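Listed here are the chains, written in short residue letters.
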Amino acid sequence: MKQQRYDVVIVGGGAAGLSGALALGRARRSVLVIDAGEPRNAPASHVHNYLGRESTPPGELLAIGRGEAAGYGAEIVEGRVASAERLPGSGEGEQGFRVVTEDGRSVEARRLLVTTGLVDELPPVPGLAERWGREVLHCPYCHGHEVADRPIGVLATGPLAVHQALMWRQWSDDVTLFLHTGPEPTEEEYEQLAARGVAVVDGEVAGLEVADDRFTGVTMASGRVVPREALVVQARFTARSAVLESLGLKPVAQEMGGAVIGSYIPTDPTGATEAPGVWAAGNVTRLTEQVIGAAAAGLMAASAVNGDLIAEDTRLAVAARRA
């Protein structure tokens, strides 16, 4: 950290954080990005649906982003932020925060932008975590084209499983729904699955078959092995909200189709949280956002942060002129 106080400290250096840093650097703000180096999409081989950067490896996209942000003066450091607190008296004059890292470093900021993302909590099936982002998938728009026309399995753990199976049927005509611990489909759902040619396998899944470092099938508790080349799961999306919680903000549950799919920190459309001077962007506040959407959200939040700083700069200048 080259200085003690910045206009903006950004916690998290993924697509949202780096996009925000780029915009704020171009707005001639002093910016510090503190990044723990744990991008959610690290297991994936490529980023998709990012216009102009289609199929770019995640690490390469971040390296490009860091270079672009640094080119406009943003400072980027490695570290894990432990907490943030509002500086005493900052509500009366110029706002301010103290950010403390786990190794004891601290820095001050006029505004905070938190882009810490989320954690994918996988169902407790042996072998899933090791294949996550490779053949164990969740998003058809992220990975569907790469497994098109291959045998795909869908692991049911909640009421959205039938919806998942019918969606993935768009990419392959060989889809099998493993009921596992999910609810029994309704008669209408069974009819929909049958009409689309989706097979249904009852019983719990005990593990994954892997040969030559490739996923080859699903092992049932009965011992039966069902050959598959990809397996779709419903992860629970849990926001990395510790820093925001240290400022008094609380995550809330997000539901989809009557099921809780995770937790997030609420914001307004610009990313402003209920804590004055604190913004959030990316998956920490929008659980289903893809990479390009997170980047756009970082830009939106950065624009709002800069506007807020301009208003404060003006207010302080007027007060100084009148003094």
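Note: the structure precedes this text.
In short, a report on the structure. (Residues numbered from 1 in each chain as written. Predicted model: local features only at pLDDT ≥ 70, side-chain atom pairs only at ≥ 80, totals over all residues. Heavy atoms only, no water.)

### Describing the nonpolar core
Thinking step 1. Core analysis: the largest hydrophobic core is formed by 24 residues, its most contacted members being Val9, Ile34, Val99, Leu112 and Leu244.
Thinking step 2. Put simply, the parts of the chain that give this core at least two residues each are strand 1 (5–11), strand 2 (31–35), strand 4 (81–86), strand 5 (97–101), strand 6 (106–114), helix 7 (242–245) and strand 19 (278–280).
Thinking step 3. Setting aside chain neighbours within four positions, we find Leu112 in contact with Val9, Ala84, Phe97, Val99, Leu247, Gly277, Val278 and Trp279.
Thinking step 4. With 21 residues, the next largest nonpolar core counts Trp132, Met220, Phe237 and Ile261 among its residues. (Core = buried A, V, L, I, M, F, W, Y, C linked by side-chain atoms within 4.5 Å. Buried < 20%, exposed > 50% of the residue type's maximum accessible area, 1.4 Å probe, protein only. Helix = DSSP H or I, 4+ residues; strand = E, 2+ residues; numbered from the N terminus. Contact = heavy atoms within 4.5 Å.)

### Looking at the pairing of strand 16 (residues 236–239)
Thinking step 1. Residues Phe237 and Ala239 point to one face of strand 16 and are all buried, whereas Arg236 and Thr238, pointing to the other face, are not buried.
Thinking step 2. Examined bridge by bridge, strand 16 and strand 18 (residues 259–264) share two bridges and lie parallel to one another. Within strand 18, the residue paired with Thr238 across the bridge is Ser263. (Pairing = 2+ DSSP bridges.)

### A closer look at the packing of helix 5 (residues 161–168) against helix 6 (residues 187–195)
Helices that pack against each other are described as a pair by the angle of their axes relative to one another and the distance between those axes.
Thinking step 1. Interaxial distance between helix 5 and helix 6 falls to 10 Å at its minimum, and their mutual angle equals 15 degrees. When the axis of helix 5 is compared with that of helix 6, the two are roughly parallel. The handedness of the crossing between helix 5 and helix 6 is left-handed. Together, Val162, Ala165 and Leu166 of helix 5 and Glu189, Gln192 and Leu193 of helix 6 make up the contact between the two elements.
Thinking step 2. Split by residue class, the contact of helix 5 with helix 6 holds four nonpolar, one polar and one charged. (Axes fitted to C-alpha atoms, helices over the stretch in contact; angles between N-to-C directions. Parallel < 35°, antiparallel > 145°, perpendicular 65-115°, else oblique. Left-handed = near helix turned anticlockwise from the far one by under 90°. Nonpolar A, V, L, I, M, F, W, Y, C, P; charged D, E, K, R; others polar.)

### Re the sheet that holds strand 18
Thinking step 1. One open sheet holds the four strands; their spatial order is 7-16-18-17, and the pairing between them is mixed. Sheet topology places strand 7 (118–121) and strand 17 (252–256) at the edges, where each strand pairs with a single neighbour. On average, each strand axis in the sheet is tilted by 30 degrees relative to the strand beside it, whichever way the strands run.
Thinking step 2. In this sheet, strand 16 lies alongside strand 7 in antiparallel orientation, the contact comprising four bridges. If you follow Val119 over to strand 16, its bridge partner there is Thr238.

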